[in-house]
Each structure stands twice: as structure tokens, then as C-alpha cells.
Amino acid sequence: MRNYAYLVFDTLYGIDTSWAAQPQMVEGHQVEEDGLTWTLRLRDGLRFHDNEPVLARDVVASIRRFAARISLAEALMAATEELSAPDDRTVRFRLKRPVPHLPEALAGTSPFKPVAEIIGSGPYRFLPEEHISGARTAYARFPLYQPRTGGPVGFTSGPKIAHFERVEWLTLDPFSAMAALRSGEIDW
């Protein structure tokens, strides 16, 4: 599920190999008023798989949706006085008290709540018409995806370069997998 999520969806921040949050969908952030106001600026050119632009109001809705399931994000929301989108590329947190780990709280997605419609903003599009539950999942490179232009490459941080036009995951029971490997039908 984690691998699927990172193919199809992007995150505001990614985690580097030192477990520090690095800007991913955001250009960066500005912290003011002794840590009580955080202003996040989205990178230019972010698009959803339906070709619509990723707007700050979409980000606010997403944060509200997944924060209920991720304890660090839930703690962030408890410390938030106001979460707003003053313009199309700006997300603003006004906090009741400083939250120095705000980027880490925004570096993941909810693993518990299924997404009804899979329109992500990541490097690959999920191909629902080719999905066979328990057997095959397919993804196609999203041509409008613009990776970061730098930053430390880590676990989920840095430029996400889509090297392949298509990704297919085949799920086989152990006996079918062994037979397919022996016959050369699949490779590992």
C-alpha cells in the first residue's frame, strides 16, 4: 500500500535518509511570530492526474482528511487555530502554540481510509480499467508530473523521477508464482 501511495500521490514534504522532512510539493515554508504562523508555498506546475491544477484549497481539504488518522498530524490539527488557503499556491497555519515538527506531520498520507476516486498528483497514474483485484495492478507515467529540481534524495524526499512509461504489479499465489518463474513466464 505504501509503494502504491508513493507512485500515485505526492506529499507536501518527503523524508530524507536522516529522517528529516524536506520540501516535496512545497517550494518551502516561512515561519513567523515565534513559530505561530507557518506559510507554505506550493511549487508551480503541480497537477492532478485529471489535468486540473493542485490548488492550496485542495491541500487544505487533504490535510483535514488524513490528519484524523495520523497521530502526529492529528496533534498538529489540535494545535491549529486556523488552516487556510489565502491564494491558489499558499497554505497557512495559524497555531495556538509552536509546532516545530509541522513538516514531519505533513510528510505522509493516511493508511487507514480508502480513497474512493484515485486522482493523484504523483509521477504515475493508477489505471483502474486494468486492475484485477488480487492479480494485477497497472500504472502509467503521468506526463504532466514535474519532479522537484533538487533537494536531498532520501526515502520519500528529493526529485521523483519516473524512469518507466509503465509499471505493472502481478500478484500470484506461491504455486503459480513458482511455476511462472520456472517456465520463464515472469522474471524476478
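Look a little higher up for the structure.
Residues numbered from 1 in each chain as written. Predicted model: local features only at pLDDT ≥ 70, side-chain atom pairs only at ≥ 80, totals over all residues. Heavy atoms only, no water.

A few points about the overall build of the protein
Just so we agree on the cut-off: Working definition: helices are DSSP H or I runs of at least four residues, strands are E runs of at least two. Numbering for both runs from the N terminus. Burial here depends on accessible area, computed with a 1.4 Å probe over protein chains only, as a share of the maximum for the residue type. Under 20% is buried, over 50% is exposed, and the range in between is partly exposed. Only heavy atoms enter the contact rule, under which two residues are in contact if any of them lie within 4.5 Å. Calculation of accessible area relied on Shrake-Rupley with a 1.4 Å probe; when residues are assessed, cover is drawn exclusively from the protein chains displayed. Only four residue types enter the charge count: Lys and Arg as positive, Asp and Glu as negative, with His and the chain ends excluded. For the purpose of locating charges, the reference atoms are NZ of Lys, CZ of Arg, CG of Asp and CD of Glu.
Within the protein one finds five helices and nine strands. Along the chain direction, N to C, the helices and strands of the protein fall in the order α-β-β-β-β-α-α-β-β-α-β-β-β-α. Considering only C-alpha atoms, the protein reaches an extent of 65 × 30 × 30 Å along its principal axes. Relative to its full complement of 188 residues, the protein shows a buried share of 39%. When contacts within the protein are restricted to residue pairs at least 6 apart in sequence, those whose partners lie at least 24 apart make up 59%. Element-wise, carbon and sulfur atoms account for 54% of the exposed surface of the protein, whose accessible area totals about 11,100 Å². Computing the positive centroid from 21 side-chain charges and the negative centroid from 24, the protein places the two 2 Å apart.

Description of the nonpolar core
We count it as follows: Throughout this description, the term nonpolar core refers to a set of buried Ala, Val, Leu, Ile, Met, Phe, Trp, Tyr and Cys residues connected via side-chain atoms within 4.5 Å.
With 30 residues, the main nonpolar core has Leu 12, Leu 40, Phe 93 and Leu 106 as its most contacted residues. Elements with a contribution of two residues or more to this core: strand 1 (13-15), strand 4 (37-42), helix 2 (56-67), helix 3 (71-78), strand 6 (90-95) and helix 4 (102-105). Looking at which element gives the most residues to this core, the answer is helix 2, with six residues. Ignoring any residue separated from it by four or fewer positions in sequence, one finds Leu 106 in contact with Thr 11, Leu 12, Tyr 13, Leu 40, Ile 63, Phe 66, Leu 76 and Phe 93. Counting ten residues, the second-largest nonpolar core is a separate cluster that includes Val 8, Tyr 124, Tyr 139 and Val 167.

What to know about the packing of aromatic side chains
As a reminder of what qualifies: Geometry of aromatic contacts follows a simple scheme: Phe, Tyr and Trp rings, the Trp one being its six-membered ring, pair when their centres are within 6.5 Å, and the pair is stacked under 30 degrees between planes, edge-to-face over 60, tilted otherwise.
Considering all chains together, one arrives at three aromatic pairs under this definition. When the centroid spacing of 4.7 Å and the interplanar angle of 35 degrees are considered together, the rings of Trp 19 and Phe 155 count as tilted. Of this pair, Trp 19 sits in the loop between strand 1 and strand 2 (21-23) while Phe 155 is found in the loop between strand 8 (136-141) and strand 9 (166-170), placing the two residues 136 residues apart along the sequence. When the centroid spacing of 5.1 Å and the interplanar angle of 65 degrees are considered together, the rings of Tyr 139 and Trp 169 count as edge-to-face. Of this pair, Tyr 139 sits in strand 8 while Trp 169 sits in strand 9, and the two are 30 residues apart along the sequence. For Trp 169, a relative accessible area of 32% translates into the label partly exposed. Among the aromatic residues, those joined into a cluster by ring pairs are Phe 126, Tyr 139 and Trp 169.

Observations regarding the side chain of Arg 43
The cut-off we apply is this: Here a salt bridge means any side-chain nitrogen of Lys or Arg lying within 4 Å of a carboxyl oxygen belonging to Asp or Glu. Whenever two N or O atoms come within 3.5 Å, that pair is a polar contact, provided that in protein one can donate a hydrogen and the other can accept it, and provided that, for residues adjacent in sequence, both atoms are side-chain atoms.
Looking at the secondary structure, you find Arg 43 in the loop between strand 4 and helix 2. As a buried residue without a salt bridge, Arg 43 has its nearest oppositely charged side chain in Asp 10, at a separation of 4.0 Å. A polar atom in the side chain of Arg 43 sits 2.8 Å from the backbone oxygen of Gln 146. Excluding residues that lie within four positions of it along the chain, Arg 43 makes contacts with Asp 10, Gln 24, Met 25, Val 26, Glu 27, Arg 89, Tyr 145, Gln 146, Pro 147 and Arg 148.

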